Each structure stands twice: as C-alpha cells, then as structure tokens.
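Notes for the structure review
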Amino acid sequence: MNQVSLELRNVTKRFEKELVLDGISLQVEKGEFLTLLGSSGCGKTTTLRIIAGLETPDQGQVLLNGEDVTALPPEKRAVNTIFQSYALFPHMTVEENVGYALKLRRVPRQEIRKRTSEMLDLVRLSGFEKRKPEKLSGGQKQRVAIARALIGNPGVLLLDEPLGALDLQLRRTMQRELKRLQQYLGVTFIYVTHDQEEAINMSDRIAVMHRGRLEQIGTPDEIYNHPRTSYAARFVGNANLFTGMVESISEEGAWVSVSGGRVLLGCPAGTSLQKGEKATFAVRSENVQVLVQDQEGCAAVVKEKSFLAGQLRLILSMPDGRELAASRFGIDSDFEPGQKVKWTFPARQGVLLDREEQNA
Amino acid sequence: MRRRNRAGMWMVLPLTIFTLIFVAAPLLYMVFLSFASQSSSGFGVEWKFTLENYKRILDPVYRNTFYGSLRLAFSTTALNILLGYPFGYFMAKLSAKKKKAAVLFLMLPFWLNSLIRLYGWIILLQKKGLVNEVLLRLHLIDKPLKILYSYPAILIGMVYVLLPFMALSVYSSAEKLDWSLAEAARDLGAGRCYAFFTIIFPLTLPGLFSGIILTFIPSMGLFFIADILGGNKIVLVGSLIQEQMTRGNNWPFAAALAMVLLVVTSLLLGLYKKLTNSDVLEGIG
Amino acid sequence: MKQMRANTKLQNAYLAFLFFLMYLPVAIVILFSFNESKLYVSFSGFSLVWYEKLFRDSAMMEALKNSLILGILSCAVSAVIGTLGAVSLSALKLRSKGVLEYIAILPLMVPEIILGMVLMAFFYMLKLPFGMLTLLIGHTVFCVPYILVEVKASLALMDPSLTEAARDLGASSWRAFLDITLPLVMPAVASGSLLAFAMSMDDVVISIFINGPRISTLPIKVYTQIKTGVTPEINALCTIMLAVSLTALAVFSIFRSHKKEENRDEEQIDRASEPDQEL
C-alpha cells in the first residue's frame, strides 16, 4: 500500500449550534486525486478549510504525512489551496502573485524569478508575468491560481470548486489540464465539487458527502455502479430507488415485490437477504427496460416523454403513484404518454443498498 | 476560528481603548455631571446628587432659550425644505453630465470652512454691502437695511450652511426614482401635480426625512452662526452651554442642558429610524 | 405631453440661482482679498497687500502652523486607529463589536457643541493641561469615525479569501495584513484621512472648548477676528484656506476616480468572451 499523505480522524465541526461536520474520517494516499462530492451545504468546503487550517475542528485530528497538524495555523501547513474565487491579489502582477509563497520563505530574488517562470510555463501562461489579475480572463486567472498554489511544492493541493465560474467548454479543457498537472507533479489533490461528471472524469476516488457525513468513498466505478446509500445512488447518476419485501430467494437472486409486480435482484455473494425482509435497491434509468404490455414485467403507465441531450427519457407512473425514469439513446420510441406498459431490468443492474440505510 | 480571534485581538485594541476612554467615558461623565451641584464657592463641581440643574431649565429665562432655539431650528428646517426639496428634486432631473457637475458643486461646500462662507455673508449684508447696494440701485429701498446682526441674518446663515445637506438628501432619494412610474400615472390620466404628489413625493420621503434630521439636529447646536451673524443678540441653547462652560462656570448646569439637547437629538434619530426603517441617513457616505 | 423627468426652463433657472447664492459669499471673499481698498463697496484695484500683511502677522502664522500640525497629527493617529479598528472589526466575530462600532461612530451623530463641552469637562477632570495634546485628542475623536466608515466600506467590497490565500501560502496573520489588506484598503484610508483633515481644518466648535488660553488654531483665529471686526486680512487668510481645502478635495477625488476606473476595467474583462487557448 502507498504512503498515506493526509488523514482525517473523526473530524467534527459546529457553527453556532448547527452540526456541519459529523465525524469525518478518511485517508488519502500520496499522489491520489480525491474528490469530495456533494450538494451545497454538505460540509465539503468546511472539510477543505479544516485541512487548510482556515477553520479549527471542534473534535478530531488532521494528520499530514502522519504528523498531527490540527493545532497548526494555515501558514505552517504544507498544504495549499485554490479558492473558488481564485483570490488573486489584485494589487500584484501575475509574477508577484505566483512568487508570493517563495518571497515569504525569503528565497533569493533570482531563484524566485526562475521558479516563477518555470511555473508559468507549466500552466502555459508565459508572457503574462507583468499583467495585473484584472487584465486576465477567467481561465487565465485560474491558471495563475494554480501556479501560485503549486510553486511551494505542497504535499497536498486543495481545490474548492475551482472550475465553477467557467463556462462548460473551458471547464472541460481545465479538467484535462488539472489532471495532467496532477499526474505530472504527483501532488495529492483534494478536489471539492458538486458536479458528478467532473468528479467521475478526474478522480481516483470519490467521497460522497451528505449533511456533514461521509456517505460513501470509493472509485468512480464503485460509486457509479455500486452506490451503497440512496443519497449516493440518487446524487451520482439519478438512480431510481425502490423498497420492497423479499418474496423468495432463488439461485438467480432475490425476488422482491414492488408496486405493479415483482422484480429479480441479483445478489452479490455475501449479502444474505432473507425472505420477508425489506430491501432497498437502486436501478439507473438507462438500465430500465420498457416493454409492451403483453410481455413479462411490472405494470406501469407512461406519464411523460422527453428528449434530453440525445437521450429519450420516459417517466413511468407506478400503480402506487410513484414515478420511475427510463432512458436510452436515440429518439425513436414506440411508447406514447397514457400507454400501459411493462418494465423490468437485468437482475445484475439492481443495486442493493446498505441495510442501515433502510432503517434510517 | 479561535486562533484568528487571537490574532485580530490586539488590532482592535487601539480603537477599543480610544473609544472607551475618549468617547464613551466623557459622555458618561456628562450624565453624572448633570446630576452634580455647582460648588458653593462658585468654582468647580461638588459631587452631591441633585435634580436642581434640570429644574433650572424650566426657569422661564432658560425655557425661553430652548423655545427660541427650537423656533429657530424649526424655521431653518422649514425654509430648508421649501428651498432644498425643489433643489434636490430638480437636480435629479438634470442630464447625466450636468448632474455630475451639480453634485460636485453641491458637495464642495462640505469641504470649505463654513466660517469663511458665513464671513462672505457678513461682507454682503453690511450696511454698505452688496445686498443693500443692489436693492438701493433697484430703488426697492431708499435707505440701507440693517440686516446684519438681526434674526433674519441668523436665519440666512443657518439656511445657507445647512441647505446642501437637505438638497443632497432629497437628491439621492429622487435620483433612485423609477420615472416610468410617474409616466405610467400620467399615461393613466393623472395631471402633472397629481402625479407628483401621489407618486414622486411619497417615494422621495426617505430623503426628505433624512434631510430634516440632518438640518434640524445641527441647527440646535450651531451657536457660532448666531454669534457671528446675530451679534450676540439672540441666545440659543448652544451659546448658553458655551457660556455656562466658560463665563458662567456652572458645568453641571451646562451638562444638564447638553443632556436635554442630546435626548431631543436621539428622539429625532429614533423617529427617523422608525419612519424609514433604516439606520443610514440618505445622502451620507 | 411634457415629460416630467426633464426640467423646465424655470426649474433650471431656480437651480442656477441657488448655486449662484451658494457661491456668491465665497466669491466675494476671494475677490476682496485682492482688493486694494479697505472698503467693501467696490473693487478699486488689484493688490496683494493683504497677503503681505497676513504673512507678517506672526500670531496668524503661528495659528496656521498649529492647525497644520494638528490636522496632520490627528489624521495620522486616526488613520492608524481607524484602519486597525475597521480591519479587526470585519475579521472578528465578537458579539460586542456592534456596540463598539456604534460608540466609535457616535461623534458623527452627537451635536458638536456637546462633544466640545463634554471633552472640556472630561480633560479638566483628568487634569490634562489644555493645549496641543487636548486638541489632538479632541480632533482624533471626530476624525476616527470618518476613516472607520471609509475603510469599512472598502473592506466590505474585498474578497475575504484574499487574506486566507495569503495565510495559506505561508504568511502570518500580521504579514497578510501588511501584504494584502493594507495595500488594498490604502485608497480608502487616504480618502478618509483627507476628509478627516478637511474636518480638522474646519473645526471651531470643539476646538474652542479645548484649546486652552495659549494655543490658537486657524479657524479659531478666523472666528475671533470675525467677531471683533472685519479686516481684509481675513479675506486673504480665507482665500488661502479655501485653496488648501480645494487641493485636499482634488487629491481626494483622484483617489476616488482611480478606484472607480479599476472596477470598470474588471467589468469589461468579465464581459469579454474567454479567449483561452486550447491546449
């Protein structure tokens, strides 16, 4: 196993009386790209600020390379941050911004100049040395912020929604750029975003956060295909959620009753579902198959039909009134709103969620 | 969070110490002083609790001083409204370029010593001054008027010094007006006057209120205008306080006068706050 | 239908007339400072005789010196107190800070005469000798709020993550204040100080309570001169003071317009499309 670069142990934080972080524990390996993913207010930015030293946790510890830094102020931590607003110093030139960390360490001026120019080269901003931040575009500001944060060779780089202010096309470019830099420099990245696509594209691992808790941590594949909690399932890829009674167990899996029929859930080895138990599971919309009425499956009625980003999306209404979404590529479809249909999914695509989640 | 507090702690110290010692403490001292008695020797303060100072304000001589001050403050404010409201309102209707210049010229007096500007009036209002000269030449009068060192002269001085506050307050309120509202009203058949009084005037009320506050409060305390242009003929609360502090040597009484003035001032500010639901005076800052 | 939002000729004439009345006394003072004759009836000829007289008047020059020293010192002291105060007030999350701020701004709201008498009584109680020191304290009392208000307003527009970024890059909190916050609020400190300086140079009411028998400032001198009698020498003095105020104002507006220009530049960049190179 690789060396652990950063570790959080049971970090808890309250603002006023509100619990913002509820016992966050995680380990990040050296050179890993970890994304903290969640909607606004889930505590991901607070986590980042605690790692940076800009906030102090009420409980718990922050360890950098095995050393407890919880009590250290931000300037004494080998961690640098890229702020959401970039926070470029408006009264300094690009060069002065980038070289600021070195100036604080009393590095000789000659050397500062050399390393600044190398750094600007790395982020492809050579020739912009003498500009003031106000004369830069959003993407260029972003690059300056990256160069400024990386010049001091931090062990860990924290990025707080760094691409939030950029338009879609530029965001894609910068995603690739950041990944390239991270792999080239081998720096540990901790990246905060609410954009699941960004998280899946860039990360080695994703930590899904919800209401101050860590819901699930795993590779993008794990998070996407095997969400463990209903929040992770819904937030990463808008899965349909079902809860039903286990009717029978067979070799293929477990038959679970849902509104309008029953479905087969292929159970991974090790999960021991029992007859009569309640099971909660998730199915992605692209895995739902819609069939004509005389085929085998659960009954539902087509409620809505829409096209979105090259996908056809059907909203089905189940007999108990709940809805489920089915989608597939292409725009041709035999189904019209009002039509009675059947639906099913391949047994292996139904993902059983954690049991504790069901009780909550 | 705790750590940042400690770092910022000592930076807040100078302001805290200075403010507590030289703003809060003196004002508090004044409150105590107003309940103390004048020493029997006629000089200095005796720390014996008394309400005598406040009772003394009710004495007809001093009561009349307060009335006189209030009357002057009211007349000043009334004249300021009459002159300053149209001033600010018309200014808001100027074209952008002229507006900029007008605001500059309106702000400029704040930077110029008010004594100097009043001094100009002394020159103008003299017996052989420009005002009399013009009036004589126009045959409106046949002998020079004695304006200087009279009540009208004080009034002129007060209005003159305080008019920019009123005009600026009204202006900043009128400047934010959505003119399409007035146009809509006229479109619906309202006359010019009717549209003004039903639409525009109510919307500029915050500015008018803050203008009233900004002129009324200082006009209670601007003793030097009465001093210069009134030639000591009219005694105002301000002059009374000054006199009690210097010649009269009755500091507790001066403190009581100041307390009453302060209470009137705060009541007005409180009233303003209530009327407009805002802490900030229009046109300031 | 006549538009309501444009002025009629009469309304414009009203504005012009009031502006004329506003500046007439000032113009008269300036004009007669260059008048040869001692009388105010008519302008008899250009002369600098009153300026010469003024510069030979040692008491007047002493008062001018006092005022300048006082203005600069009280400005400097208030700039330090006000700036540190504004910065720490915006950084702190204390419950009592609202009260502190209220008291600190109080001198702007209390009538000057009350401030003057209160300070006089208070200094007397402290047994502080009336003179330059009491004047300095008194002027600082009403100068601090101007700087506090200006700096606070400019801090409110500042991105709080700027100082955090500096800390993150290795600066101590003090270093971050020196490197980042201070340069960025400097224009506000400067404009606040100039405003405070103008107020200090203008103040009679408070000064007259706390100046003591030996020290006089220029406004006090003008005040007593005006009360005792009108000599054209004061015209010359007033004209000089006007020139000083106008210079202060000009510098003040340069700071202000500079700030505005920077903001405009930023907007333009934001509006421009992203000319980012593809990698």
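Residues numbered from 1 in each chain as written. Chains lettered and ligands numbered in written order. Predicted model: local features only at pLDDT ≥ 70, side-chain atom pairs only at ≥ 80, totals over all residues. Heavy atoms only, no water.

Observations concerning the overall build of chain C
- A count of helical and extended segments in chain C gives 11 helices and 0 strands.
- The helix and strand sequence of chain C, counted from the amino end, reads α-α-α-α-α-α-α-α-α-α-α.
- Looking at chain C as a whole, 52% of its 279 residues are labelled buried.
- Taking as baseline every contact in chain C between residues at least 6 positions apart, the subset at least 24 positions apart corresponds to 70%. (Helix = DSSP H or I, 4+ residues; strand = E, 2+ residues; numbered from the N terminus. Buried < 20%, exposed > 50% of the residue type's maximum accessible area, 1.4 Å probe, protein only. Contact = heavy atoms within 4.5 Å.)

A word on the packing of helix α3 (residues 60-92) of chain B against helix α10 (residues 205-221) of chain B
All names here are of chain B.
- It is at 9 Å that the axes of α3 and α10 come closest, and there the two elements cross at 145 degrees. Helix-helix and strand crossings are classified by hand; for α3 and α10 the assignment is right-handed. Within the contact between the two elements, α3 uses Ser69, Leu70, Ala73, Phe74, Thr76, Thr77, Asn80, Ile81 and Tyr85 and α10 uses Leu208, Ile212, Thr215, Phe216, Ser219 and Met220.
- Of the residues assigned to the contact of α3 with α10, the class counts are 9 nonpolar, 6 polar and no charged. (Axes fitted to C-alpha atoms, helices over the stretch in contact; angles between N-to-C directions. Left-handed = near helix turned anticlockwise from the far one by under 90°. Nonpolar A, V, L, I, M, F, W, Y, C, P; charged D, E, K, R; others polar.)

Side note on unusual backbone geometry
Residues and elements named next belong to chain A.
- Of note, glutamate 16 is a non-glycine position whose phi angle comes to about 55 degrees, a positive value.
- With respect to the helices and strands, the residue glutamate 16 is situated in the loop between β1 (4-15) and β2 (18-29).
- Residues other than glycine seldom take positive phi values, yet alanine 87 does so here, at roughly 50 degrees.
- Mapped onto the fold, alanine 87 is located in the loop between β6 (79-82) and α2 (94-104).

Brief notes about the state of the cysteines
- Counting across every chain of the model gives 0 disulfides over all chains.
- Among the cysteines around Cys75(C), which has no disulfide bond, Cys143(C) carries the closest sulfur, lying 5.6 Å off. (Disulfide = S-S within 2.5 Å.)

Here we look at the side chain of Thr19(B)
- Take Thr19(B): it is sitting in helix α1 (residues 2-34).
- Judged by relative accessible area, Thr19(B) falls into the buried class, the value being 1%.
- A distance of 2.6 Å separates a polar atom in the side chain of Thr19(B) from the backbone oxygen of Leu15(B).
- Excluding residues that lie within four positions of it along the chain, Thr19(B) makes contacts with Ala24(B), Leu100(C), Ile103(C) and Ala104(C). (Polar contact = N/O pair within 3.5 Å; in protein donor to acceptor, adjacent residues only side chain to side chain.)

Quick notes on the environment of Trp174(C)
- With respect to the element layout, Trp174(C) can be found in helix α8 (residues 173-202).
- Excluding residues within four positions of it along the chain, Trp174(C) makes contact with Trp10(B) and Met11(B).

Focus on α10(B)
Residues and elements named next belong to chain B.
- For α10, built from 17 residues, the straight-helix expectation of 24 Å at 1.5 Å per residue is met to within 8% by its first-to-last C-alpha distance of 25 Å.
- The buried count for α10 comes to 12 of 17 residues, which makes it a mostly enclosed element.
- Of the positions making up α10, those classed as buried are Gly207, Leu208, Ser210, Gly211, Ile213, Leu214, Thr215, Phe216, Ile217, Ser219, Met220 and Gly221. (Expected span 1.5 Å × (residues − 1).)

Side note on the packing of helix α7 (residues 151-175) of chain B against α10(B)
Residues and elements named next belong to chain B.
- Their axes nearest at 7 Å, the elements α7 and α10 cross at an angle of 160 degrees. Judged by the inter-axis angle, α7 sits roughly antiparallel to α10. Of the two possible hands of crossing, α7 and α10 adopt the one that is right-handed. Within the contact between the two elements, α7 uses Met158, Leu162, Phe165, Met166, Ser169, Val170 and Ser173 and α10 uses Pro206, Gly207, Leu208, Ser210, Gly211, Ile212, Leu214, Thr215, Pro218 and Ser219. (Parallel < 35°, antiparallel > 145°, perpendicular 65-115°, else oblique.)

Topic: the interface of chain C and chain B
- Across the boundary between the two partners, chain C contributes 90 residues, which contact 87 residues of chain B.
- Buried surface at the junction of chain C and chain B, summed over both partners, amounts to about 8,100 Å²; 79% is from carbon and sulfur atoms.
- Counting the contacts that link chain C with chain B gives 1 salt bridge.
- Summed over the shared surface of chain C and chain B, the number is 10 residue pairs in polar contact (both at pLDDT 80 or more).
- Looking at the side of chain C that touches chain B, the element that brings in the most residues is helix α1 (residues 9-33) of chain C, giving 15 residues.
- Looking at the side of chain C that touches chain B, its residues break down into 71 nonpolar, 12 polar and 7 charged. (Buried area = accessible area lost by both parts, 1.4 Å probe. Salt bridge = Lys/Arg side-chain N within 4 Å of Asp/Glu carboxyl O.)

Section: the sheet that holds strand β4 (residues 59-64) of chain A
All names here are of chain A.
- Reading across the sheet, the 4 strands line up as β2-β1-β4-β5 and stay open at both edges, with antiparallel pairing between neighbours. Taken across any chain shown, the strands that pair with only one partner, and hence form the sheet edges, are β2 and β5 (67-68).
- With 2 bridges joining them, β4 and β5 adopt antiparallel strand pairing. Within the sheet, the bridge partner assigned to leucine 63 lies in β5 and is aspartate 68. (Pairing = 2+ DSSP bridges.)

Some points on the packing of aromatic side chains
- Going through the model one piece at a time under the given rule, you end up with 34 aromatic pairs over all chains.
- Here Trp343(A) and Phe345(A) contribute two aromatic rings whose centre-to-centre distance is 6.5 Å and whose plane-to-plane angle is 20 degrees, an arrangement assigned as stacked. The two residues Trp343(A) and Phe345(A) agree in class, both being buried.
- Ring geometry for Phe196(B) and Phe201(B): centres 6.2 Å apart, planes at 40 degrees, overall tilted.
- Classification of Phe196(B) by relative accessible area gives buried; the value is 14%.
- You can call Phe201(B) partly exposed: its relative accessible area is 26%.
- Aromatic ring contacts, followed pair by pair, group Tyr85(B), Tyr89(B), Phe90(B), Phe196(B), Phe197(B), Phe201(B) and Tyr14(C) into a single cluster. (Phe/Tyr/Trp six-rings, centres within 6.5 Å; stacked < 30°, edge-to-face > 60°.)

Looking at the nonpolar core
- Within the largest apolar cluster, 239 residues are counted, with the highest numbers of intra-cluster contacts made by Phe87(B), Phe224(B), Ile241(B) and Met117(C).
- Top contributing element to this core by residue count: α7(B), with 14 residues.
- Not counting chain neighbours up to four residues away, the residues in contact with Phe87(B) comprise Leu106(B), Leu163(B), Ala167(B), Tyr14(C), Leu15(C), Leu18(C), Phe19(C) and Met22(C).
- Ranked by size, the runner-up nonpolar core spans 25 residues in total, among them Val288(A), Val290(A), Val302(A) and Trp343(A). (Core = buried A, V, L, I, M, F, W, Y, C linked by side-chain atoms within 4.5 Å.)

Keep in mind these numbers describe shape, not what the thing actually does.
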